[in-house]
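# Reading the structure
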Amino acid sequence: MADSNLFCISLILLPLILLFLLFLITRPRPIQIPIKKRHIFITGGSSGIGLALAHRAASEGARVSILSRSIDKLEEAKNAIRQSTGIDVAIFAADVRDFEAVQRAVDEAGPIDVLVVNQGVFVAQELEEQKLEEVRFIIDVNLMGSFNMIKAALPGMKRSRKDRGPGSIALMSSQAGQVGIYGYTAYSASKFGLRGLAEALQQEVIGDNIHVSLVFPPDTETPGLTEENKRKPQLTSIIAASSGAMKADEVAKKALDGIKSGSFTIPCNSEGILLAIATAGLSPQRSYLMAFVEVVAAGIVRIAALCFQWNWYGSIEKWHMQKNRKHQMPP
Ligand SMILES: NC(=O)C1=CN([C@@H]2O[C@H](COP(=O)(O)OP(=O)(O)OC[C@H]3O[C@@H](n4cnc5c(N)ncnc54)[C@H](OP(=O)(O)O)[C@@H]3O)[C@@H](O)[C@H]2O)C=CC1
Ligand SMILES: CCCCCCCCCCCCCCCC(=O)[C@@H](N)CO
């Protein structure tokens, strides 16, 4: 009897002790990043997720700047945002691969409070089929382009922090930046790279009151995805379907809410929450409640992850079998 009482008490007490311990140690400390009346600078803001973010930020009362290459698409985006919100956004035509051009845009735009590094290109293909040129293009735009953007914006962001409150740098990764997916060797590498960049950068800029976020969307309905789908290995589509698809505006809402609440990791759907727990690793965590979930769910989520791999390798095996069968058929 006494034994079972003790068991019941520890069943309640142990989680509470763990929760309290995590409350004491989780770092960095929680932060709120206001958006209203602040300058938000969005790369790749002329299309898809970036455009949806620009819309939202403008309607929430932020001063918005968007940057991308095509001036026509920028003008079109500006007009669309003006029509739906009555607000004018500033537009900057530059290629993120060109540091000088990016620097000029940043200087002209003025002090940035929230930088959203969202530009990205994606061409899914088996590495054996993909030209090295295309690999380099993906790494250059997604990873080096993000370095260029941050290098250009950071000095101004630091300088203006004291009188302008907390700043934020948010990077658009992808669920393919949490787990490698067939057809995404180059793309996954570029997005995994962003995580290393973000984790290291957060330690470097916390002292300047700048807070880093990483957004991990699943497939999202955008002009970019439509283009990608024209030429995508079947297995890439099958595996990516494990996480379903979202609308650009839904992703933009998750991203903006995550940025405002200062989250380091921003998942976008329920599979994304599982992925975030499964890949928590040594990433910073501001919420002791999320830290609690990560600790308690780690084992079971690893089992779920292994089930997903089991399912994916099953699809790969089946696909190879079908391919071989086709090859053996007489003409
Ligand atoms: N859609 C999806 O399924 C998912 C997308 N993501 C990520 O979200 C981000 C946005 O994707 P999405 O909205 O679909 O993409 P879109 O292709 O719809 O838009 C991409 C934007 O980036 C700009 N851009 C592309 N290359 C450059 C460059 N070299 N310099 C400056 N701007 C550039 C484009 O304008 P322009 O071409 O005129 O330069 C455009 O504004 C990307 O980082 C992507 O990897 C993550 C998960 C899923
Ligand atoms: C522990 C359990 C985990 C469960 C969930 C696993 C699901 C993973 C699916 C990954 C999908 C990747 C889509 C990439 C989208 C993208 O970035 C492109 N559309 C852009 O090209």
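Residues numbered from 1 in each chain as written. Chains lettered and ligands numbered in written order. Predicted model: local features only at pLDDT ≥ 70, side-chain atom pairs only at ≥ 80, totals over all residues. Heavy atoms only, no water.

Per an unreviewed UniProt entry, the protein chain goes by 3-dehydrosphinganine reductase and derives from Populus trichocarpa. Looking at the protein chain in UniProt, the text filed under Sequence similarities (unreviewed entry) is "Belongs to the short-chain dehydrogenases/reductases (SDR) family." (UniProt positions renumbered as here; feature names shortened; annotations may be inferred.)

Near ligand 2, the surroundings consist of 20 residues, among which F122, S174, Y187, D219 and E228 are the closest. One of the side-chain N or O atoms of Y187 is found 2.8 Å from an oxygen atom in ligand 2. In this structure, D219 approaches ligand 2 through a side-chain N or O atom, which is 2.5 Å from a nitrogen atom. Starting from 590 Å² of accessible surface for ligand 2 in isolation, the protein chains cover 97%. Tallied by class, residues from the shell around ligand 2 come to 14 nonpolar, three polar and three charged. Residue assignment places the shell around ligand 2 across two domains, with domain 1 (29-276) and domain 2 (296-331) each supplying three or more. (Near = heavy atom within 4 Å. Polar contact = N/O pair within 3.5 Å; in protein donor to acceptor, adjacent residues only side chain to side chain. Areas by Shrake-Rupley, 256 points an atom, 1.4 Å probe, with all protein chains shown as cover. Nonpolar A, V, L, I, M, F, W, Y, C, P; charged D, E, K, R; others polar. Domains from an automatic or database assignment.)

Before going further, it helps to examine the packing of helix α5 (residues 132-159) against helix α7 (residues 185-205). Put simply, α5 and α7 touch, their axes get as near as 8 Å, and they point 20° apart. Comparing the axis directions of α5 and α7 gives the class roughly parallel. The hand of the α5/α7 crossing is right-handed. Across the interface between the two elements, V135, I138, I139, N142, L143, S146, F147, I150 and L154 from α5 touch A186, Y187, A189, S190, K191, G193, L194, L197, L201 and V205 from α7. Across the contact of α5 with α7, the residue classes break down as 14 nonpolar, four polar and one charged. (Axes fitted to C-alpha atoms, helices over the stretch in contact; angles between N-to-C directions. Helix = DSSP H or I, 4+ residues; strand = E, 2+ residues; numbered from the N terminus. Parallel < 35°, antiparallel > 145°, perpendicular 65-115°, else oblique. Left-handed = near helix turned anticlockwise from the far one by under 90°. Contact = heavy atoms within 4.5 Å.)

Taken together, 32 residues lie near ligand 1, and S46, S47, R69, Y187 and T222 sit nearest. Within the side chain of K73, a nitrogen or oxygen atom sits 3.1 Å from an oxygen atom of ligand 1. K191 is positioned with one of its side-chain polar atoms (N or O) 2.9 Å from an oxygen atom of ligand 1. When residues in the shell around ligand 1 are grouped by element, the largest group, three residues, is from helix α8 (residues 223-229). Looking at the shell around ligand 1 residue by residue, the classes come out as twelve nonpolar, 15 polar and five charged.

We now examine α7. Across its 21 residues, α7 extends 30 Å between first and last C-alpha, which sits within 8% of the 30 Å expected from 1.5 Å per residue. Residues of α7 that are buried: A186, Y187, S188, S190, K191, L194, R195, L197, A198, L201, Q202 and V205. On its buried face, α7 sits against α5, β5 (167-172) and β6 (210-216). (Expected span 1.5 Å × (residues − 1). Buried < 20%, exposed > 50% of the residue type's maximum accessible area, 1.4 Å probe, protein only.)

This part is about the pattern of salt bridges. Inspection of every chain in the model, using the stated rule, returns 15 salt bridges. Between R82 and D88 there is a salt bridge, with the nearest N and O atoms lying 3.0 Å from each other. Between R195 and E199 there is a salt bridge, with its nearest N and O atoms 2.8 Å apart. Residue R195 and its partner E199 are both found in helix α7; the two are separated by four residues, about one turn of the helix. (Salt bridge = Lys/Arg side-chain N within 4 Å of Asp/Glu carboxyl O.)

With respect to the secondary-structure elements, A62 resides in the loop between α2 (48-59) and β2 (63-68). Here the alpha-carbon distance between A62 and S213, two residues 151 residues apart in the chain, equals 18 Å. Once you skip the residues sitting within four places of it in the chain, A62 turns out to touch I35, K37, R38, I40 and A57.

On to the sheet that holds strand β3 (residues 90-93). The strand order across the open sheet formed by seven strands is β3-β2-β1-β4-β5-β6-β9, and the pairing between neighbours is parallel. Two strands lie at the open edges of the sheet, namely β3 and β9 (265-267), each paired on one side alone. Each strand axis lies, on average, 20° off the axis of its neighbour in the sheet, ignoring direction. Bridging between strand β4 (residues 114-117) and β5 involves four bridges; their strand directions are parallel. From the neighbouring strand, V114 faces β5, where its bridge partner is S168. Strand contacts of α7: β5 and β6, with the helix running at about 160° to β6, the strand carrying the most contacts. (Pairing = 2+ DSSP bridges.)

Turning our eyes to something else, we now look at the packing of helix α4 (residues 99-109) against α5. Two elements in contact, α4 and α5, have axes separated by 9 Å at closest approach and are oriented at 40°. If you check the angle between α4 and α5, you find them oblique. Seen along the crossing, α4 lies across α5 with a hand that is right-handed. Residues F99, V102, Q103 and V106 of α4 pack against N148, M149, K151, A152 and A153 of α5.

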